[in-house]
Amino acid sequence: MKVLSVASEAVPLIKTGGLADVAGALPGALAEHDVEVRTLLPGYTSVMANLGKATRVHSYASLFGGKASVLKARAAGLDVFVLDAPHLFDRPGGPYGQPTGSDWPDNWKRFAAFGRVAADVAKGADKDFQPDVVHAHDWQAAMAPAYMRFDGTPVPSVVTVHNLAFQGHFSADIFPDLGLPPEALAMDGVEYYGGVGFLKAGLQYADAITTVSPTYAREIRTPAFGMGLDGLLNVRASSLQGILNGIDTSAWNPESDKHLASTFGVRSLKRRASNRKAVEQRFALDHDNDPVLCVISRLTWQKGIDVVVSEFDTIIASGAKLAVLGAGDHALEGALLAAAARHRGRAGVLIGYDEELAHLLQGGADAILVPSRFEPCGLTQLYGLRYGCVPIVARTGGLADTVIDANDAALAAGVATGFQFAADQGDAMLEAVRRAVSLYRDTRAWEAIQKQGMRADVSWHRSAARYGELYRALLSGDGGA
Ligand code: ADP
């Protein structure tokens with residue numbers, strides 16, 4: 001079976017968030033289920049630079065205002081189509097924003113073109129790769145099912161929501177330039193609160209909808225998490241399901257990780273000690289027997305970092321040390337640095353994005369705190385499980401689905417893998433931190449939790465099988481959910 005994956009980022013070619021990890025890892029995992037995936041990516045400057053030998057399979061004299069072509073290549077381990085459209089994608093800055101940080105004003109055009117081209121590939125633009133299913137990720141790819149519907153292309157489509165907060169909502173003024181028939185600008189079409197919604201269009205027209213955890217799949221059907229789309233998601237509930245993300249277990253393997261001071265495994269947990277020491281050095285923390293809690297995160301409201309700021313002093317007073325690695329909201333960055341300055345030796349904050357340090361933290365800190373207000377799946381708690389860095393997480397989305405709280409019953413049954421608390425509540429977070437600090441003092445109980453987490457299956461194995469089943473169900477004419 002052939003699947004066209006349509007994604008605006010994929011590791012290792014281009015990454016801004018978890019979507020890239022999924023789009024980069026899923027093709028390899030699906031290959032084991034007899035699914036051949038080819039990924040359509042935008043031809044950003046950096047993607048074009050790493051493309052190597054490519055063949056042109058389709059050309060456009062004019063695609064949304066400029067010449068364009070579809071190239072086919074094998075790049076960085078992925079089979080890709082790349083939309084080479086310099087007027088849309090060859091520019092400095094990020095995939096979605098200018099070097100100044102604000103969105104590209106022509107994002108609607110860039111990602112309408114991207115969806116248009118995906119629909120053309122679905123129609124047979126490359127005669128050697130006729131997809132059986134089109135799988136579009138997030139709003140940037142979500143116009144593909146709309147174009148396919150109005151083209152009358154009989155190929156089933158899936159839209160996966162990695163984060164409902166990002167929707168691709170534009171003014172209705174762009175509609176005439178999208179190349180859709182007038183009837184598409186309707187409530188049961190691409191229209192969304194008086195404008196055009198790209199994600200909304202995908203949710204409307206895709207044959208199946210997935211999101212990245214079962215709990216988030218339920219949450220987004222409620223007003224509190226639905227971000228205006230809960231009504232539509234309820235209408236489409238029978239086509240909606242949650243499939244958990246996995247992680248790349250070779251890049252994230254404590255037994256072979258080159259970024260660690262010392263590799264270790266479930267039978268050699270003692271060797272974590274040198275990583276812990278390295279973490280304490282990097283974050284200027286005291287070397288003592290108190291647990292090190294880390295945070296590795298975008299510093300935003302979604303991630304609940306303001307709650308960490310409010311509770312900073314009480315977390316330190318609970319007996320934990322804090323190591324924070326992150327970047328994002330400038331006010332939060334400043335507040336964290338100021339808080340750390342009040343607690344020399346007990347807290348360290350490093351602002352920036354540092355992949356190597358993220359690995360060292362997972363391999364050396366005792367616990368990872370993930371206080372998100374909402375979290376479609378979350379990856380850092382999965383890395384934490386694999387590295388014996390016990391997750392302390394808000395009970396929401398994928399965090400709720402992947403961590404088993406160390407309550408008395410779970411401890412007695414030997415199934416606990418971490419700690420959960422009610423999201424968006426500082427006192428609940430603090431109570432979970434206190435429970436963790438107290439259990440940490442009981443070395444045997446703590447090691448049991450670490451080992452239980454390290455044995456959990458966080459690979460793509462099961463989830464790739466679920467996507468394979470979904471594609472097959474769609475091909476056989478069944479909605480799949
Ligand atoms: P999101 O995609 O919403 O940011 P996820 O938990 O799904 O959240 O994925 C975040 C990814 O980014 C993880 O791989 C995490 O390790 C990484 N990450 C986040 N912030 C940093 C940072 N400052 N330095 C290094 N890695 C980071």
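Residues numbered from 1 in each chain as written. Predicted model: local features only at pLDDT ≥ 70, side-chain atom pairs only at ≥ 80, totals over all residues. Heavy atoms only, no water.

Caption draft 1: Local environment of the domain arrangement of the protein. Here the protein is described as being made up of domain 1 (2–246 + 461–476) and domain 2 (266–455). Computed from C-alpha coordinates alone, the two centres of domain 1 and domain 2 are separated by 33 Å. Across the contact, 17 residues belong to domain 1 and 16 residues belong to domain 2. Taken over both partners, the interface formed by domain 1 and domain 2 buries close to 1,200 Å², and the fraction arising from carbon and sulfur atoms is 61%. Taken together, the elements giving at least two residues each to the side of domain 1 that touches domain 2 come down to helix H1 (18–31) and helix H8 (214–219). Looking at the side of domain 1 that touches domain 2 element by element, the count peaks at 4 residues for H8. Its residues assigned to classes, the side of domain 1 that touches domain 2 shows 7 nonpolar, 7 polar and 3 charged. (Domains from an automatic or database assignment. Contact = heavy atoms within 4.5 Å. Buried area = accessible area lost by both parts, 1.4 Å probe. Helix = DSSP H or I, 4+ residues; strand = E, 2+ residues; numbered from the N terminus. Nonpolar A, V, L, I, M, F, W, Y, C, P; charged D, E, K, R; others polar.)

Caption draft 2: Broad picture of the site of the ligand. Close to the ligand lie 18 residues, the nearest being Gly-18, Arg-298, Lys-303, Gly-352 and Leu-379. One of the side-chain N or O atoms of Lys-303 is found 2.9 Å from an oxygen atom in the ligand. Measuring from a nitrogen atom of the ligand, one finds a backbone N or O atom of Asp-354 at 3.0 Å. Relative to its unbound accessible area of 570 Å², the ligand is 91% covered by the protein chains. For the shell around the ligand, the elements supplying multiple residues, two or more each, are strand E13 (292–299), strand E14 (321–328), helix H14 (355–364) and helix H15 (380–386). (Near = heavy atom within 4 Å. Polar contact = N/O pair within 3.5 Å; in protein donor to acceptor, adjacent residues only side chain to side chain. Areas by Shrake-Rupley, 256 points an atom, 1.4 Å probe, with all protein chains shown as cover.)

Caption draft 3: The side chain of Arg-272, seen in detail. Turning to its location among the elements, Arg-272 is positioned in helix H11 (residues 272–282). A polar atom in the side chain of Arg-272 sits 3.0 Å from the backbone oxygen of Tyr-387.

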